[in-house]
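Descriptive analysis of the structure
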Amino acid sequence: MIILDGKIASQSIKEQLKTEVSAIVNTGKRPPHLAAILVGNNGASETYVASKVKNCKEIGFASTLIRFEDTVEEAKLLETIHQLNNNKTVDGILVQLPLPKHISEQKVIEAINPKKDVDGFHPVNVGKLVQGLQTFISATPYGIMLMLEHFNIETKGKHAVVIGRSNIVGRPMSILLSSNIKKGNCTVTICHSHTPNLSEICLQADIIVAALGKPEFVKANMVKQGAIVIDVGITRVADATAKKGFKLKGDVAYAEVSPKTFAITPVPGGVGLMTTAGLLKNTLQAYLNNND
Ligand code: GUN
């Protein structure tokens, strides 16, 4: 069984990015610049954004973190995005989701200039993805594709089952895996909360992408011998014995599923690290697109 180690794959991508950035900076140009907006104090969001900013620093990107209280007005947030859109020294903009209920996520996503939308959430970029055009791919699905490439996992002709149909992961993942691209060309089934015979469908899968956000949902009796299992789940589950009072759990019951698989991603240390790698690659691409 191969452990698809996100640390190894993301490190290799970050090393490449570091080399590219230092070549840019050595010619006297400014480095790529990511602006991140964080609203409120959601623990998981804080951790993710801190990690994104730290990774920018590590590879030589400039970064700006803009924080707002969770009472911030939608108009204020939209105005800030507008300013970042017009700031020529900012290449990529991300607004960490979820947002407080009084703010429309859709309005916020659509306010970002698609050329700076390094999260790949803007309908223009999603539309381009669907049509197989060059675009920013949502960071998590992009990171998974990069991981499949890094470990040279064959996907062509395989049956991939994606569990979850979110705009951030499930849906773009299903499009990528079915596209005529490197690590695509799968036959894809997308399952969701209204799929009655989910276990039977999973049992037919050569590749399972679990992205439903339910800890340890995928059990050994749902997985075919020799399958490739990609676990996107990362839920904080209360655990009094853990230092922080919680443990991170994936959507896959790793201990019982992993012995049956050909390859599997661990949680933590799997897909999560690849999300950041995808975001960093998108940010460099935004910089290159805007500075030709
Ligand atoms: N919330 C969960 N995943 C993501 C992500 O990839 N980007 C942003 N902006 N928010 C998220």
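Small disclaimer: the values here were computed from a predicted structure and weren't measured.

Thresholds applied
Residues numbered from 1 in each chain as written. Predicted model: local features only at pLDDT ≥ 70, side-chain atom pairs only at ≥ 80, totals over all residues. Heavy atoms only, no water. Near = heavy atom within 4 Å. Polar contact = N/O pair within 3.5 Å; in protein donor to acceptor, adjacent residues only side chain to side chain. Areas by Shrake-Rupley, 256 points an atom, 1.4 Å probe, with all protein chains shown as cover. Helix = DSSP H or I, 4+ residues; strand = E, 2+ residues; numbered from the N terminus. Contact = heavy atoms within 4.5 Å. Axes fitted to C-alpha atoms, helices over the stretch in contact; angles between N-to-C directions. Parallel < 35°, antiparallel > 145°, perpendicular 65-115°, else oblique. Left-handed = near helix turned anticlockwise from the far one by under 90°. Nonpolar A, V, L, I, M, F, W, Y, C, P; charged D, E, K, R; others polar. Salt bridge = Lys/Arg side-chain N within 4 Å of Asp/Glu carboxyl O. Buried < 20%, exposed > 50% of the residue type's maximum accessible area, 1.4 Å probe, protein only. Pairing = 2+ DSSP bridges.

1. Description of the site of the ligand
Every residue close to the ligand is listed here: Lys52, Leu94, Val95, Gln96, Leu97, Asp119 and Phe121. Contacts to the ligand include Val95, whose backbone N or O atom sits 2.8 Å from a nitrogen atom. Measuring from a nitrogen atom of the ligand, one finds a backbone N or O atom of Leu97 at 2.9 Å. Calculation on the ligand without its partners gives an accessible area of 280 Å², and the protein chains cover 84% of this total.

2. Details of the environment of Thr265
For Thr265, the location among the structural elements is in the loop between β11 (263–264) and α10 (271–290). For the pair Thr265 and Gly6, spaced 259 residues apart in sequence, the C-alpha to C-alpha distance is 7.5 Å. Ignoring sequence-local partners within four residues, the contact set of Thr265 consists of Leu4, Met147, Val229, Ile230, Asp231, Tyr254, Gly270 and Val271. At 2.8 Å, the side chain of Thr265 and the backbone nitrogen of Asp231 are in polar contact.

3. Section: the packing of helix α2 (residues 43–59) against α10
With their axes 10 Å apart at the nearest point, α2 and α10 run at an angle of 55° to one another. In terms of orientation, α2 lies oblique with respect to α10. Handedness of the α2/α10 crossing: right-handed. Residue-level contacts link Ser51, Lys52, Asn55, Cys56 and Ile59 of α2 to Thr276, Leu279 and Leu280 of α10. A per-class count over the contact of α2 with α10 returns 4 nonpolar, 3 polar and 1 charged.

4. Section: the pattern of salt bridges
Per the counting criterion, the structure on display carries 9 salt bridges. In this structure, Lys107 engages Glu74 in a salt bridge whose closest nitrogen and oxygen atoms are separated by 3.1 Å. Note that Lys107 is positioned in helix α4 (residues 105–111) and Glu74 in helix α3 (residues 74–86), a separation of 33 residues in sequence. The exposure class assigned to Lys107 is partly exposed, which follows from its relative accessible area of 48%. A salt bridge links Asp239 to Lys247, with the nearest nitrogen and oxygen atoms 3.5 Å apart.

5. Description of the sheet that holds strand β4 (residues 92–95)
With respect to topology, 3 strands assemble into an open sheet ordered β3-β2-β4, the strand pairing being parallel. Whereas interior strands pair on both sides, the edge strands pair on one side only; in this sheet they are β3 (62–68) and β4. Taking the axes of each pair of neighbouring strands and ignoring which way they run, one obtains an average angle of 15° across the sheet. Note: strand β2 (residues 33–39) against β3, 7 bridges, orientation parallel. Its bridge partner being in β3, Leu38 is matched across the sheet by Arg67. Contacts between α3 and the sheet are confined to β2, β3 and β4, with β2 contributing the most and set at about 180° to the helix.

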